[in-house]
Amino acid sequence: MNGVINVSEFKSKPDAIFSEPLQQVSDFVFDQRVVEVFPDMINRSVPGYQSILQGIGQLTKRYAQANSNLYDLGASLGAATLAMRQNLQGLSGVQLIAVDNSPAMVERCRLHLQGYRSDVPVSVRCEDIQQSALENASVVTMNFTLQFVPPEQRHAVLANIYDNLRPGGVLLLSEKFTSADPAMNAMLIDLHHEFKRANGYSELEISQKRAAIENVMRIDSLETHRQRLEAIGFSAVQVWFQCYNFAAMLAVKAS
Ligand SMILES: Nc1ncnc2c1ncn2[C@@H]1O[C@H](C[S@+](CC[C@H]([NH3+])C(=O)[O-])CC(=O)[O-])[C@@H](O)[C@H]1O
Ligand SMILES: O=C(O)C(=O)Cc1ccccc1
């Protein structure tokens, strides 16, 4: 397999954003301060992040079609874009489009992408994925992005993806999720917090981060994801990775 870009290769300051007590914790935003620490933050916060990037690369290789577009929606610094791009060598007429609505992320994403050589053209668009015009797509990746879209808008975002996928195309969707069983849900959250503590986050950092994301990151259950994807028309929905309350799914459009 191709060497996968390890996002920890990206330059990053250590994440200390929530390390000091805050009078009031404001809603989490993807601003310049977050950009500077983002690779460290996501590696220490999302269990299996590197494995998921590797899987996105593998699945891109399987589902990418010649003469099609591939999208990375909510690309942040372009880690998944790079994982996809590395697996497109030799496929003719493909184009990658990375989308993010944070100007600070987009600026740093462009810098990162310039740092790696490839024949596959990539463009980075600063826009809201709720407004993105997609066309002729074979692979669409949303690696921990849909969870930041207001719940009532999620169906429309996914239907727009489905409508612009070619037959046989795929959506790669990774999300933090809730479990329907309250005791199991609490346990998965607890295991995730243990993971964060093991990665050096303090109780204060964990609780302040939790407060910061609670209004902006409203998470669905895996059942909700599956039902919505099937209602939209996807013919197969499969979880291919799970660690605690984090999962990666693929949803295929029938060929
Ligand atoms: N409506 C929106 N439109 C466009 N972008 C958005 C929107 N809402 C949020 N974002 C963007 O989605 C990204 C989510 S991070 C993705 C990680 C990346 N995929 C990775 O593989 O490293 C996940 C996380 O931080 O947990 C941020 O860059 C937001 O600016
Ligand atoms: O940090 C957390 O608890 C998360 O759920 C993941 C995350 C990672 C980066 C930004 C926002 C949320």
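The rules we used
- Counting restarts for each chain, with residues numbered from 1 along the sequence as it is written.
- Lettering for chains starts from A, numbering for ligands starts from 1, and both go in the order in which the items are written.
- In keeping with the predicted nature of the model, local features appear solely for residues at pLDDT of at least 70, side-chain atom pairs appear and are counted solely at 80 or more, and the whole-chain, interface and lining totals rest on all residues.
- By convention the nonpolar core is taken to be a set of buried residues drawn from Ala, Val, Leu, Ile, Met, Phe, Trp, Tyr and Cys and joined through C-beta atoms within 7 Å.
- Three exposure classes are used, all based on how many other C-beta atoms lie within 10 Å of a residue's own C-beta (placed from the backbone): buried at 20 or more, exposed at 12 or fewer, and partly exposed between those limits.
- Runs of H or I in DSSP of at least four residues are treated as helices and runs of E of at least two as strands, each being numbered from the N terminus.
- For each residue, a C-beta atom is placed from the backbone, and the residue is labelled near a molecule or strand when this atom is within 6 Å of it.
- Residues are grouped as follows: nonpolar covers Ala, Val, Leu, Ile, Met, Phe, Trp, Tyr, Cys and Pro; charged covers Asp, Glu, Lys and Arg; every other residue, Gly included, is treated as polar.
- UniProt positions are given in the numbering used here, feature names are shortened, and annotations may be inferred rather than shown by experiment.
- The contact criterion used here is simple: two residues whose C-beta atoms, placed from the backbone, lie within 7 Å are in contact.

Asks: Explanation requested: the nonpolar core in the structure shown.
Replies: In globular proteins that are soluble, nonpolar side chains generally tend to be buried together. Grouped together as the largest cluster of nonpolar side chains are 57 residues, with contacts concentrated most on Val139 and Val140. With six residues, helix 2 (residues 49-63) is the largest single contributor of residues to this core.

Asks: How should I be thinking about the site of ligand 1 in this particular structure?
Replies: Taken together, 20 residues lie near ligand 1, and Phe30, Gly74, Asn101, Ser102 and Asn143 sit nearest. Where the shell around ligand 1 is concerned, the elements lending two or more residues are helix 3 (79-85) and strand 2 (95-100). In the shell around ligand 1, the residues fall into eleven nonpolar, seven polar and two charged.

Asks: Where do I start with the UniProt feature "binding site: S-adenosyl-L-methionine" (unreviewed entry) in the chain in this structure?
Replies: The UniProt entry lists Tyr49, Gly74, Ala75, Ser76, Asp100, Asn101, Asp128, Ile129, Asn143 and Arg210 under the feature "binding site: S-adenosyl-L-methionine" (unreviewed entry), expressed in the numbering used here. Maximum C-alpha separation among the annotated residues is 24.4 Å over a sequence range of 162 residues, too wide for a single clustered spot. Structurally, Tyr49 is set in helix 2. Leave out the neighbours within four places in its chain, and Tyr49 touches Ile42 and Asn43. Its place among the elements puts Ile129 in the loop between strand 3 (122-126) and strand 4 (137-143). In contact with Ile129, other than residues within four places in its own chain, are Leu73, Gly74, Val99, Thr145 and Val157.

Asks: Please explain the site of ligand 2 as it appears in this structure.
Replies: All residues adjacent to ligand 2 are Met41, Ile42, Ser45, Val46, Lys176, Lys209 and Ile213. Listed by contribution, the elements that provide at least two residues to the shell around ligand 2 are helix 1 (32-45) and helix 7 (203-213). In terms of residues, the shell around ligand 2 owes the most to one element, helix 1, which gives three residues. For the shell around ligand 2, the residue count by class is four nonpolar, one polar and two charged.

Asks: I keep staring at unusual backbone geometry and nothing clicks. Help me out?
Replies: Glycine aside, a negative phi is what most residues show, and trans is what most peptide bonds show. You will see that Asn67, though not glycine, has its phi angle at about 55°, which is positive. Along the chain, Asn67 turns up in the loop between helix 2 and strand 1 (69-73). Classification of Asn67 by C-beta neighbours within 10 Å gives exposed; the count is 12. Positive phi, normally seen in glycine, also occurs at Asn136, with a value near 50°.

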